Amino acid sequence: MSQLRITQTKSVISEKQNQRDTLRTLGLKKIGQSVVREDRPEVLGMIRTVAHLVTVEEVD
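Residues numbered from 1 in each chain as written. Predicted model: local features only at pLDDT ≥ 70, side-chain atom pairs only at ≥ 80, totals over all residues. Heavy atoms only, no water.

(A) Looking closely at the pattern of salt bridges. Overall, the coordinates contain two salt bridges when judged by the stated rule. With a shortest N-O distance of 3.2 Å, E42 and R40 are connected by a salt bridge. Under the relative-accessibility criterion, R40 is labelled partly exposed at 37%. (Salt bridge = Lys/Arg side-chain N within 4 Å of Asp/Glu carboxyl O. Buried < 20%, exposed > 50% of the residue type's maximum accessible area, 1.4 Å probe, protein only.)

Okay, structure coming up:
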C-alpha cells in the first residue's frame, strides 16, 4: 500500500472537538508537524474530517 504524509497547516483553535480529536488520533499536535500513515479507508476518513486543517501528499 502507498503511504501518505499528512502535515498540519492550521490551528485547532475554534474548531469542533471531534476535529481536534481526529488530529490527535492521526498523531498531529502542532502546526507544521508531519506524520506518515498508510493509505487506508480509516485514515482517508479521518483526513476528510480535517481536510481544511491539513495537507496530504503521497510518499514512496
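(B) Inspection of the sheet that holds strand β3 (residues 54-59) at higher detail. Here three strands make up an open sheet; going across it, the order is β2-β1-β3 and the pairing antiparallel. The open sheet has two free edges, formed respectively by β2 (34-38) and β3, since each of these has just one partner strand. Pairwise comparison of adjacent strand axes, ignoring direction, gives a mean angle of 25° for this sheet. Against the sheet, helix α2 (residues 41-49) makes contact with β1 (3-8), β2 and β3, and its axis sits at roughly 25° relative to β1, the strand it touches most. (Pairing = 2+ DSSP bridges. Helix = DSSP H or I, 4+ residues; strand = E, 2+ residues; numbered from the N terminus. Axes fitted to C-alpha atoms, helices over the stretch in contact; angles between N-to-C directions. Contact = heavy atoms within 4.5 Å.)

(C) Inspection of the nonpolar core at higher detail. Judged by nonpolar contacts, L4, I6, L23, L26, L28, V35, V43, I47, V50, L53 and V54 together constitute the single largest core of eleven residues. Those elements that place two or more of their residues in this core are β1, α1 (17-26) and α2. With residues near it in sequence (within four places) discarded, L26 still touches I6, V35, R37, V43, M46 and V50. (Core = buried A, V, L, I, M, F, W, Y, C linked by side-chain atoms within 4.5 Å.)

(D) Seen up close, α1. Three or more residues of α1 are buried, namely Q19, T22, L23 and L26. Considered in projection along α1, the buried side chains sweep an arc of 100° and stay on one side of the axis. In α1, the exposed positions angled more than 90 degrees off the buried face are occupied by R24 and T25. On its buried side, α1 packs onto β1, β2, α2 and β3. After α1 finishes, the residue G27 shows a positive phi value of roughly 100°. (Arc of directions from axis to C-beta.)

(E) Focus on the packing of α1 against α2. Where α1 meets α2, the closest approach of the two axes is 9 Å, and the angle between their N-to-C directions is 140°. Here α2 runs oblique to α1, going by the angle between their axes. The handedness of the crossing between α1 and α2 is left-handed. The segment α1 lies against α2, with N18, Q19, T22, T25 and L26 engaging V43, M46 and T49. Looking at side-chain class alone, the contact of α1 with α2 contains three nonpolar, five polar and no charged residues. (Parallel < 35°, antiparallel > 145°, perpendicular 65-115°, else oblique. Left-handed = near helix turned anticlockwise from the far one by under 90°. Nonpolar A, V, L, I, M, F, W, Y, C, P; charged D, E, K, R; others polar.)

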